[in-house]
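# Working through the structure, step by step
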Amino acid sequence: RGALHTKGTCHLGKVNYFMGKRAADAGRPSRYADIDFCTNPEAICSDETRTKELRWSVAMFHWINEVQSYNNDELGWNYIDQLHAVMEGDLLNDLKFEQTHFVDEVSGIFDQGCPNPPCDTIDVMQRVYWSRERKSNFRVALEALELPLKSSYIRQIEEFLMKGKDTFEEVILRSINPTDQKTYQSYRYQFSDFMESLRIMADIGFDDTLFYVGQSENVEEDLHVYSGMLNVGLFLSHAVLMSIRDDACDEHNTQLVNGEFPVSNACGQRGLSYQDMNCTGDDASMACPLDTDQSFSAVTRALDYRAPQPFKCAPKSQFPITGYWDEQRIEENHRTAFANQLGRTDVEGCCWWGRGVLRGVTRGRCFFGQLNYHIGARAAREGRPSLYPNVDFCKFPEAICASEFSNELRWISGMFHWINAVQSYNKNGWNYIEKIKELSIDIMVGGTLDTTFVMDVDCIVKTGSVDCKDAEDTTEMLSEILMALANFNLPTSSPTATSMPSESPTNLPTVSPVLSPTGSPTTSSAPTGSPVIFSNPSRPVVDDAIRAIKEKQVEIEAKILVPQNSDEQSIYSFDGFVESLKVMAEGAVEGYYFYVGHGRTNNRVYQKRGLVNIAAFLSHTRTLTIGRNTCDEINVDVLNQTQFPLSNSCGQFGESYQDMRCDVGETFMECAPDPNMQMSAVVTGDGNGQPPPFFCGPKTYFPFTGYYDNGAASIVNDIPFMNRVGRTDVQGCCWWGRGSAQATGVCMYGKLNYHIGARAGREGRNALFPNLDFCQNPQSICSGSSSYTVMWATGMFLWMEMIQSYEPYSDALDRFVAGKIDAQYLTDVVSDRLDDGKNKQERLANFLAALEALGVSRK
């Protein structure tokens, strides 16, 4: 009860002993002499005259007694000392990231009795909940109390930038549609993400180096603001040219070789071999190791619908040879080998293309290795501070564009390069920081920008030296950017015609009318209260279930987690399954528990019921995805015997995924279809002899779509071709099935976001993936650094939402365990609920295999 939910006989007894009737009876001072908190603890919440005070005073007593007084000599942790240490440093340092912060340690003391749970003194679930929510609320409280959260430099720069926010978005964060040259506000590069990234790199940085915003004690206040602003402007002028204009994160295939675009351009363009870009000197040991088994795809490509597919890398066992992009047929032609400029005809070890806001230079094994060494997983492994300790940029460089941190990493990767290559430049009397300080003075008195200096900076960015042959004059762009940033009235040295995209009507398609509910499987008609058998499990029950499953790892991997094509390595890992099952069973999603049993640990009926539920889930996922070794839904709805509509991404077998609406009482959770959203599914297998992966994009890029001709093994995209519901385009069609249980439609993705994604975090609920916005990036389920768990966790959420809450299933599960019905009856209930009765025999066979793998008797 009260603001901190003071609970239990001990804590409430202490309240009574020091503040209540017992204190008064013993002759000690008592604030509430007439309240016996042992016989009437509810007085805290219901005393007519004092409850408003009691709710706070009891909580404060609890805080004084449990937290303020905490002192553990063995651990060397004293609350007051730690509080002073935090106040002397940056209050927000590490608050955003995965490292343990002071707030986490205080939470551990309050919840469990020690700063770093699990603690040996208690025998309950030893997990600190709502860590991110507490950190977020700590930030809010600091701001409300007007405590200094940021350096004076970043505060001043932010003040300048916030004044020009609208202009910043209208002038700098504008992208160009290549089909009609009209501009629109960038989808990937947002003002809020830039500001947060700038704060991180200017106030936290790495290895005592910061993005320069004027940090100096030896210059006048106005000068450091203007020199910092000039540095920001120079950075942004290159960001606009390299990435923002194209609204892209990944490097694109842009080099023609013998009239075609080689697929092997992923290995390097314009004479470069990205995997051979090694580090030298003091950085020689930082380069990423070359891993020829790596396999993944980029997430962005040029916006012209005839442009080459995103880059990909894969071992020769998957792509023995690579060909070229056939612009006429709009497909990759791998029938014969086609070399890039350096003669490469494969994409093995070619995962190092450019990424991020400076993707034209942030490429190669050296760059990604430096990133990993300073701010990634390697820094954390070697005991150094790390902004992203769980992101291994060597194992997954695509994290910059396709991870839960991508909104920041797109900017931060560029700022990292800017700090390393540009700000640090000091050779032969040419010092970058001194130059911008000198130039800032001229700017303040209305001088013109020095074109030579601007071109020198361009050389440094691209080559690491002020001496280069192909420097680009970006003076006009820089002038316009500086005026947009801070309303600098800068005269220009040439006519005012700008090389920046000017604001104009976007003429982008509007969201199409929402159709009536389809009654699809994502429409929830489940009862509000789950059946009693799916109640909150105890810690021992969860531990016993996890232990039993780990004992059967070999059987589960051999019978369930193996693709039908045994030559492929499964994308569904046992570790990802167990990790996801544990957190979902423990109640990581508020109000939901993946059922693994309940009651006493020695109750065999409950244990069996839990294992049977797990087996039913595994049989469903193996039927849909594991057996086919895919995360993204596959194009399988064929018309006229050989034609697979490309618009099947909008829905197959008569469904329209963007029209899969929630029930009236849950419509507030839905994702809003975004007509400008563009993404592609992940390629599985070798890509030959099957329809291409699903994709979506606006009509401005894909006016119409054709079909894949299975007989000719080619894409026919010359004329529109309808799917079963008449769609000939893929606008707003980004809601195809993903994950182990194929979450599908705007309702289910909205629920995922509301319960376990970014929306849950924004609105103060416990969020399993607070940095994944399933509405803005549904592809994060299959294409992120944490996909190995997200694929499982989203499937388990769907199972809890659609199956465990379905009364016929809970009844069937109970009766199956009691021996009253057979396996066919139970799996048919699942098939009818989720699959419209399809795949019944396959699901039954997989269920029997799962029972056998888990060691569950069918009697």
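Residues numbered from 1 in each chain as written. Predicted model: local features only at pLDDT ≥ 70, side-chain atom pairs only at ≥ 80, totals over all residues. Heavy atoms only, no water.

## Here we look at the overall build of the chain
For the chain, the count of helices and strands is 28 helices and 16 strands. Burial statistics for the chain: of 859 residues in total, 55% are counted as buried. Residue pairs at least 24 apart in sequence account for 67% of intrachain contacts in the chain once pairs closer than 6 positions are excluded. Put simply, the chain shows about 36300 Å² of open surface, and 49% of that area lies on carbon and sulfur atoms. (Helix = DSSP H or I, 4+ residues; strand = E, 2+ residues; numbered from the N terminus. Buried < 20%, exposed > 50% of the residue type's maximum accessible area, 1.4 Å probe, protein only. Contact = heavy atoms within 4.5 Å. Areas by Shrake-Rupley, 256 points an atom, 1.4 Å probe, with all protein chains shown as cover.)

## Topic: the sheet that holds strand β16 (residues 714-716)
Read across the sheet, three strands follow the order β12-β15-β16 without closing on themselves; strand pairing throughout is antiparallel. Since the sheet does not close on itself, it has two edges, and those belong to β12 (643-645) and β16, each with one partner. Taken over all neighbouring pairs, the strand axes of this sheet differ in orientation by 30 degrees on average, direction set aside. Judged from the three bridges that link them, β12 and strand β15 (residues 707-709) form a sheet pairing that is antiparallel. Residue Gln-643 lies in a different strand from β15, and its bridge partner there is Asp-709. (Pairing = 2+ DSSP bridges. Axes fitted to C-alpha atoms, helices over the stretch in contact; angles between N-to-C directions.)

## Here's the deal with the state of the cysteines
Taken as a whole, this structure holds 11 disulfides when the rule is applied. Each sulfur of the disulfide joining Cys-267 and Cys-350 lies 2.0 Å from the other. Note on the Cys-267 and Cys-350 pair: the S-S dihedral is about 90 degrees, so by sign convention the disulfide is right-handed. Placement of Cys-267 in the loop between β5 (261-262) and β6 (296-297) and of Cys-350 in the loop between β9 (331-333) and α12 (364-375) is noted, with a sequence separation of 83 residues between them. With a relative accessible area of 3%, Cys-267 lands in the buried category. Among the residues examined, Cys-350 registers a relative accessible area of 2% and is labelled buried. (Disulfide = S-S within 2.5 Å.)

## Things to note about the packing of aromatic side chains
Going through the model one piece at a time under the given rule, you end up with 40 aromatic pairs. Ring geometry for Tyr-17 versus Phe-18: centroids 4.9 Å apart, planes at 75 degrees, classification edge-to-face. Among the residues examined, Phe-18 registers a relative accessible area of 45% and is labelled partly exposed. One aromatic cluster is present, formed by Phe-211, Phe-235, Trp-418, Tyr-425, Trp-430, Tyr-432 and Phe-453 through successive ring pairs. If you follow Arg-28 out to its NZ or CZ, it ends over the ring of Tyr-17, 3.9 Å from the centre. Geometry around Tyr-189 places Arg-410 over its ring, the cationic atom sitting 6.0 Å from the centre. (Phe/Tyr/Trp six-rings, centres within 6.5 Å; stacked < 30°, edge-to-face > 60°. Lys NZ or Arg CZ within 6 Å of the ring centre and 35° of its normal.)

## Things to note about the sheet that holds strand β8 (residues 324-326)
With antiparallel pairing, the three strands of this open sheet are ordered in space as β5-β8-β9. Only two strands of the sheet have a single partner each, and these edge strands are β5 and β9. In this structure, β5 lies alongside β8, joined through two bridges in antiparallel fashion. Paired with Phe-261 across the two strands is Trp-325, which belongs to β8.

## Thoughts on helix α25 (residues 787-804)
For α25, with 18 residues, the first-to-last C-alpha span of 24 Å sits near the 26 Å given by 1.5 Å per residue. With 17 of 18 residues buried, α25 lies mostly within the body of the structure. (Expected span 1.5 Å × (residues − 1).)

## Some details on the pattern of salt bridges
Within this structure, the stated rule accounts for 34 salt bridges. Across the salt bridge formed by Arg-661 and Glu-670, the nearest N and O atoms sit 2.7 Å from each other. The same class applies to Arg-661 and to Glu-670, which are both buried. Where salt bridges share partners, they join Asp-34, Asp-47 and Arg-50 into one cluster. (Salt bridge = Lys/Arg side-chain N within 4 Å of Asp/Glu carboxyl O.)

## Some details on helix α16 (residues 451-463)
Each α-helix turn comprises 3.6 residues. Residues three or four places apart therefore point the same way. In this model α16 runs 18 Å from its N-terminal to its C-terminal C-alpha over 13 residues, within 8% of the 18 Å that 1.5 Å per residue would give. Turning to α16, its buried residues are Phe-453, Val-454, Asp-456, Val-457, Asp-458, Cys-459, Ile-460 and Val-461. The backbone nitrogen of Thr-452 has a side-chain oxygen 3.0 Å away, supplied by the residue at the start of α16, namely Asp-450. A positive backbone phi angle near 85 degrees is found at Gly-464, which sits one or two residues after α16. (Polar contact = N/O pair within 3.5 Å; in protein donor to acceptor, adjacent residues only side chain to side chain.)

## Here's the deal with the nonpolar core
Core analysis: the biggest nonpolar cluster contains 97 residues, and Phe-577, Phe-594 and Ile-614 have the highest contact counts within it. Ranked by residue count, the leading element in this core is α25, at 11 residues. In this structure, Ile-614 is in contact with Ile-549, Phe-577, Leu-581, Phe-594, Tyr-595, Val-596 and Leu-854, ignoring residues within four places of it in sequence. Residues Leu-161, Met-242, Ile-419 and Val-457 belong to the second largest nonpolar core, which totals 93 residues. (Core = buried A, V, L, I, M, F, W, Y, C linked by side-chain atoms within 4.5 Å.)

## A short note on a nonpolar patch on the surface
The grouping of Ile-634, Val-636 and Phe-653 at the surface amounts to a nonpolar patch, some 260 Å² of accessible area in total. On the secondary structure map, Val-636 appears in the loop between α21 (604-626) and β12. With a relative accessible area of 46%, Val-636 lands in the partly exposed category. (Patch = residues over 30% accessible without salt bridge, like charges linked within 9 Å, V, L, I, M, F, W, Y side chains within 5 Å.)

## Details of the packing of helix α14 (residues 406-423) against α16
Direction vectors running N to C along α14 and α16 enclose 115 degrees, while the axes themselves pass 9 Å from each other. Classified by chirality, the crossing of α16 by α14 is right-handed. Taking contact as the criterion, the partners of His-417, Trp-418, Ala-421 and Val-422 in α14 are, on α16, Val-457, Ile-460 and Val-461. Taken together, the residues of the contact of α14 with α16 break down into six nonpolar, one polar and no charged. (Left-handed = near helix turned anticlockwise from the far one by under 90°. Nonpolar A, V, L, I, M, F, W, Y, C, P; charged D, E, K, R; others polar.)

## Thoughts on unusual backbone geometry
One non-glycine residue, Ile-330, adopts positive backbone phi at about 55 degrees. Mapped onto the fold, Ile-330 is located in the loop between β8 and β9. Residue Phe-653 is not a glycine yet carries a positive backbone phi of 55 degrees. Tracing the chain through its elements places Phe-653 in the loop between β12 and β13 (679-680). For Phe-653, a relative accessible area of 47% puts it in the partly exposed group.

## Some details on the environment of Asp-304
Note on placement: Asp-304 falls in the loop between β6 and β7 (312-313). Considering only alpha carbons, one finds Asp-304 and Thr-179, 125 residues apart in sequence, at a separation of 6.3 Å.

## Examining the packing of α21 against helix α26 (residues 807-817)
Contact pair α21 / α26: the axes reach a minimum separation of 10 Å and the direction vectors enclose 120 degrees. Put simply, α21 runs oblique to α26. Where α21 crosses over α26, the handedness of that crossing is right-handed. Of α26, the residues touching α21 (which contributes Val-605, Lys-608, Arg-609, Val-612, Asn-613 and Ala-616) are Tyr-809, Leu-813, Asp-814, Phe-816 and Val-817. Class assignment for the residues of the contact of α21 with α26 results in seven nonpolar, one polar and three charged. (Parallel < 35°, antiparallel > 145°, perpendicular 65-115°, else oblique.)

## A look at the side chain of Asn-629
By secondary structure assignment, the location of Asn-629 is in the loop between α21 and β12. Its relative accessible area of 6% is what places Asn-629 among the buried residues. Within the local environment of Asn-629, its side chain forms a polar contact with the backbone nitrogen of Ile-571, the two atoms lying 2.9 Å apart.

## Quick notes on a negative patch on the surface
On the surface, Glu-434, Glu-438, Asp-442 and Asp-450 cluster together into a negatively charged patch. Its location among the elements puts Glu-434 in helix α15 (residues 432-444). (Lys, Arg positive; Asp, Glu negative; His and termini not counted. Charge placed at Lys NZ, Arg CZ, Asp CG, Glu CD.)

## Observations concerning the confidence of the model for the chain
Averaged over all residues, the pLDDT of the chain is 84; the fraction at 70 or higher stands at 86%. Segment residues 488-533: pLDDT under 50, and 99 contacts once partners within four positions in sequence are set aside and those in other chains are kept. (pLDDT = per-residue confidence, 0-100.)

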